[in-house]
Amino acid sequence: MVNKATKPTDALIGHDSWNIQLDKNGQLKHFLTTEGLGSALLTQILDTAESFADVNEKRVKKVPLLRGKTIVNLFFEASTRTRTTFELAAKRLSADVLNINISTSATSKGETLLDTLQNIQAMHCDMFVVRHSDSGAAHYIANNVAENISVINAGDGSHAHPTQAMLDMFTIRRNKGTNFGNLRVAIVGDIKHSRVARSQIHALNTLNTGEVRVIAPRTLLPVDIESMGVNVFHDLSTGIQDADVVIMLRLQKERMSGALLPSEQEYFQLYGLTEKRLKAARDDAIVMHPGPINRGVEIDSNVADGPRSVILDQVSYGIAVRMAVMTMTLGRERETAADGEKEDNKT
Ligand code: MLT
């Protein structure tokens, strides 16, 4: 049974919000935000993902770790990459997957979110992967589902996108090694509306990154951004100077109210990453972007498709990281690819 609850709202993201993410043994039960989770847990996600990255390169890309579990993709907001990589992750773990298209579901006929959830719960599901345009929606659902169900936040408003942040940490670690303390990471663009940037900043700081910089016009920065432990720049070339990692963000026009920018062309002139501008970063700097990319708005095609770009690796690693989070939350007693192989040999 779900409890009575209020509408999703930012107020639901309280300071103890991360507490509901852990079970009584301190293990990950829901994954809603990177905020407040310790470095040991974040490192456990990255280490577990390493074992699944190998599975994804095998001829038979499947392990039986979540056989018999049912995972429901509940996407209230459009997505291609995130939804499909969650679906592939679940299938490669042998779970059954249900994709609920909210635009054609009963929620759009006036059924409340809680009624929709109760009906899906009655089908004996084990996990909800939720994307919603309201900040706080994933917390709201986690607070209102049955005890046995895990909730993974696949992006809520401009609040959090924790699996994206962890696949970004995984990409950084694969390219730059495990010591984040040596790294200068620059995040460029629409920080204000970006759930990805927020989740990245929390994760980078928890993993003790040497320096985290944000680079944006004043209109695209939240007022309290320094309190997140970042150095702020408004000039792109100065901001990416000697960076090891440059993360570009999309302009989140769907979340902007009012005119925050003169024009896309002007934005590109000031903040677009070109080959020439990238010279300010370190020679071996990598370029990342969570996608979808807007060529000629935040990034030039020569950079997006160039030798420093790891943008498509991010997509591939997303499957391994989502497999890791799914096994850590649902199969809390068995959670590496090797465990899955042992299990397979028994059958
Ligand atoms: C998101 O869902 O936030 C994306 O991965 C990034 C974007 O939409 O720009």
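Remember, predicted model here, so these are calculated numbers, not experimental data. All residue numbers refer to positions counted from 1 along the written sequence of the respective chain. In view of the model being predicted, local features appear only for residues whose pLDDT reaches at least 70, and side-chain atom pairs are presented and counted only at 80 or more, with totals across whole chains, interfaces and linings using the full set of residues.

K.L.:
Honestly, the confidence of the model for the protein chain in this entry has me stumped. Any pointers?
P.N.:
Regions with low pLDDT should not have their predicted coordinates read in detail. Residue-level confidence of the predictor, termed pLDDT, takes values from 0 up to 100. Per-residue pLDDT for the protein chain has a mean of 89; in total, 87% of the residues score no lower than 70. By the convention adopted here, residues make contact when the C-beta atoms placed from their backbones lie within 7 Å. Note that pLDDT drops below 50 for residues 1-15; the model gives that stretch 25 contacts with residues more than four away or on any other chain.

K.L.:
For this particular structure, what's the right way to read the site of the ligand?
P.N.:
Surrounding the ligand, one finds Gly155, His161, Gln164, Arg195, Val196, Arg250, Gln252 and Pro290. Residues of the shell around the ligand, tallied by class, amount to two nonpolar, four polar and two charged. Residue proximity rests on one test: whether the C-beta atom, placed from the backbone, lies within 6 Å of the molecule or strand. Here the term charged refers only to Asp, Glu, Lys and Arg, the term nonpolar to Ala, Val, Leu, Ile, Met, Phe, Trp, Tyr, Cys and Pro, and the term polar to all other amino acids, Gly among them.

K.L.:
Quick question: what am I supposed to make of the packing of helix α5 (residues 162-176) against helix α6 (residues 195-206) here?
P.N.:
Helix packing geometry: the angle between the two helix axes and the distance between the axes. The N-to-C vectors of α5 and α6 enclose an angle of 55 degrees; their axes lie 8 Å apart at closest approach. Taken as axis vectors, α5 and α6 run oblique relative to one another. Considering only the axes of α5 and α6, their crossing is right-handed. Here Pro162, Gln164, Ala165, Met166, Asp168 and Met169 of α5 come into contact with α6, specifically with Val196, Ser199, Gln200 and Ala203. Broken down by class, the residue content of the contact of α5 with α6 amounts to six nonpolar, three polar and one charged. Every axis in this analysis is a line fitted to C-alpha atoms, fitted for helices over the stretch in contact. Angles between the N-to-C directions lie between 0 and 180 degrees. Helix and strand definitions here come from DSSP, where helices need a minimum of 4 consecutive H or I residues and strands a minimum of 2 consecutive E residues; each element is numbered from the N-terminal end. Geometric relationships in this document are graded by angle, where less than 35 degrees denotes roughly parallel, more than 145 denotes roughly antiparallel, 65 to 115 denotes roughly perpendicular, and other angles denote oblique. Crossing handedness follows the turn of the near helix against the far one: under a right angle anticlockwise gives a left-handed crossing, and clockwise gives a right-handed one.

K.L.:
How should helix α1 (residues 39-55) be read in this particular structure?
P.N.:
Note on helix geometry: an α-helix contains 3.6 residues per turn, so any two residues three or four positions apart are oriented the same way. Counted at 1.5 Å a residue, the expected span for α1 with its 17 residues is 24 Å, and the 25 Å between its end C-alpha atoms agrees. Counts of 20 or more other C-beta atoms within 10 Å of a residue's own C-beta define buried residues, counts of 12 or fewer define exposed ones, and intermediate counts define partly exposed ones; C-beta atoms are placed from the backbone. Within the sequence span of α1, burial applies to Leu42, Ile45, Leu46, Thr48, Ala49, Ser51, Phe52 and Val55. The span expected for a helix works out to 1.5 Å for each residue beyond the first.

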